[in-house]
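Structural overview
Each chain, letter by letter, is given below.
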Amino acid sequence: MSRKACVVGAGPNGLAAAIVLAQAGFEVDVFEAEPTPGGAARSMELTLPGFLHDFGSAVHPWVVGSPFFSSLPLRDYGLEWIHSPAPLAHPLDDGTAVVLERNLRDAEAALGPDGKAWRRLVGPFVEHWQEFAREILQPVHLFSRHPLLMARLGLRSFRSAESLAASTFRDGRTRALFAGLAAHSFLTMDDPLSGVFGIVFAVSAHAVGWPITRGGSQSITNALCGYLEKLGGKVKTSTRIERLETLRDYDVTLCDVGPRQLVQIAGDRLSNQYRERLEKYRYGPGAFKVDYALSQPIPWKAKECARAATVQLGASFGEIAASEKAMATGQHAERPFMILAQPSLFDPTRAPSGKHTAWAYCHVPNGSKFDMLPRMDAQIERFAPGFRDCVLARKVFSPADLEAMDANLVGGDIGGGAMDLSQFLFRPTRMQYATSAKDIYLCSSSTPVCMGCAGITRHDWRSRG
């Protein structure tokens, strides 16, 4: 072996894979089609000069909480985390908001009649976060090093968010909060996996917070590139790989691309049977995203929303459930569930002095061409009267626009594929990272990097050669 490796795609997964290879002594080249590395972890002036927006991911519990990323000296390469006073706020129609406090004891007090039930639900996993994170941020496996802890999660793993919320919480406010957490999964509230997603997102808020990065998500990419360069790796931008056949000089090729793209670029290097499996891979719902340049902070009716970098918009469990059901049945919700980030409240580098940015998206059918902007603006205005008057400029991304910016976001699917039971367990096939070619591996979000985490563990790659 020449101990030369290459990675196709410089998203966070691809850069993480490149770092692991470089740490193992490989000479590594990373090829990125776009002028700027990062994939969905890029930041740019999308609206007006001086307003810095995150193209894709904006809030990062699964980076700060990742055992792999935590092992890297990314602070030495400029990465700085910013935690808002509260991870999450969820405004309601009565002008108040449910605020999820990071401290579990404070959250228990704030949730009133449901406080103790909340602590019982998430407390054991918060208290054992290090063990829990190592279990869930790897492929699904039969034998656990922490069987009692995982058995506790397993008892709830196949309960829908609807069932879990109804049996656990008495207050509609808490149920709305939990529905929003579960809806981050793009699943309907009656899907058997939706409950466990709600639990895990809640646990992360208490265990590691939901931080943003100073200077935008591009700071994560820049730090990864800086550390990779220190290890001797190289990132070559504006270099689109049309055929893997051109990379024969490398011992191993890791592809931070989706199944559809791998079929296109690998050609006959994959077996017919494996190619057919990839062609059957199903993509999930899409996102419709809007970036806002604002003249002032969002004027929330519930002032406590200004304490959180992330705000969930959906007035009740029923409203959120209806929104996600519409998405799943090929429709578009009148009142869409939305996830909104307001980073400039806590990071002044995001906008000119006195001005602000916001980032929001809702869920739509894959490849939807429906314009959700009027409904999204109305949903924000509902909870923040006067919002429209604050808007200086907007940048709208339909599902097709997202895919044009990042080919891995097929039909606007930001999760790398449908998250139903079969694709949760076997992603994208039973071979997971491996392919039918012994020197080609997949390392994108279409592989079992659990809960949308942008990273892989050192064990995952070295145990696969």
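No experiment lies behind these values; they were computed from the predicted model shown. (Residues numbered from 1 in each chain as written. Predicted model: local features only at pLDDT ≥ 70, side-chain atom pairs only at ≥ 80, totals over all residues. Heavy atoms only, no water.)

When helix H8 (residues 161-168) is considered as a whole, its buried residues turn out to be Ala161, Leu164 and Ala165. Along H8, the residues classed as buried sweep out an arc of 95° about the axis, all on the same side. Buried residues in H8 make contact with helix H5 (115-127), helix H9 (172-183), helix H10 (194-207) and helix H14 (317-328). (Buried < 20%, exposed > 50% of the residue type's maximum accessible area, 1.4 Å probe, protein only. Helix = DSSP H or I, 4+ residues; strand = E, 2+ residues; numbered from the N terminus. Arc of directions from axis to C-beta. Contact = heavy atoms within 4.5 Å.)

Turning our eyes to something else, we now look at the packing of H5 against H10. The interhelical angle for the contact between H5 and H10, taken along N-to-C directions, is 65°, at an axis separation of 9 Å. Regarding the angle of H5 to H10, the classification is roughly perpendicular. Of the two possible hands of crossing, H5 and H10 adopt the one that is right-handed. Residues Trp118, Leu121, Val122, Phe125 and Val126 of H5 form the contact with H10, whose participating residues are Ile199, Ala202, Val203, His206 and Ala207. Here the residues of the contact of H5 with H10 are counted per class, giving nine nonpolar, one polar and no charged. (Axes fitted to C-alpha atoms, helices over the stretch in contact; angles between N-to-C directions. Parallel < 35°, antiparallel > 145°, perpendicular 65-115°, else oblique. Left-handed = near helix turned anticlockwise from the far one by under 90°. Nonpolar A, V, L, I, M, F, W, Y, C, P; charged D, E, K, R; others polar.)

If you walk through the whole model with that rule in mind, you get 13 aromatic pairs. One aromatic cluster is present, built from ring pairs that chain together Trp62, Trp129, Phe201 and Trp210. Above the face of the Phe397 ring, Lys395 is positioned so that its terminal group lies 5.5 Å from the ring centre. Geometry around Phe426 places Arg430 over its ring, the cationic atom sitting 4.3 Å from the centre. (Phe/Tyr/Trp six-rings, centres within 6.5 Å; stacked < 30°, edge-to-face > 60°. Lys NZ or Arg CZ within 6 Å of the ring centre and 35° of its normal.)

Turning our eyes to something else, we now look at helix H13 (residues 272-279). Taken residue by residue, H13 has Tyr274, Arg275 and Leu278 as its buried positions. Take H13 and look down its axis: the buried residues cluster within an arc of 100°, on one side only. Relative to its buried face, H13 has exposed residues pointing more than 90 degrees away, namely Asn272, Gln273 and Glu279. Those residues of H13 hidden inside the fold are in contact with helix H12 (259-266) and strand E16 (440-442).

Okay, the sheet that holds strand E10 (residues 252-255) next. Pairing is parallel across the open sheet formed by five strands, whose spatial order is E9-E2-E1-E10-E16. On the outer flanks of this sheet lie strand E9 (234-236) and E16, each paired with one strand and no other. Each adjacent strand pair in this sheet contributes to an overall mean axis angle of 20°, direction not counted. Bridge analysis of strand E1 (residues 4-8) against E10 gives four bridges, and the strand direction is parallel. Bridging from a neighbouring strand, Val8 pairs with Cys255 of E10. Along the sheet face, helix H1 (residues 12-23) touches E1, strand E2 (27-31), E9 and E10 and points at about 170° away from the line of E2. (Pairing = 2+ DSSP bridges.)

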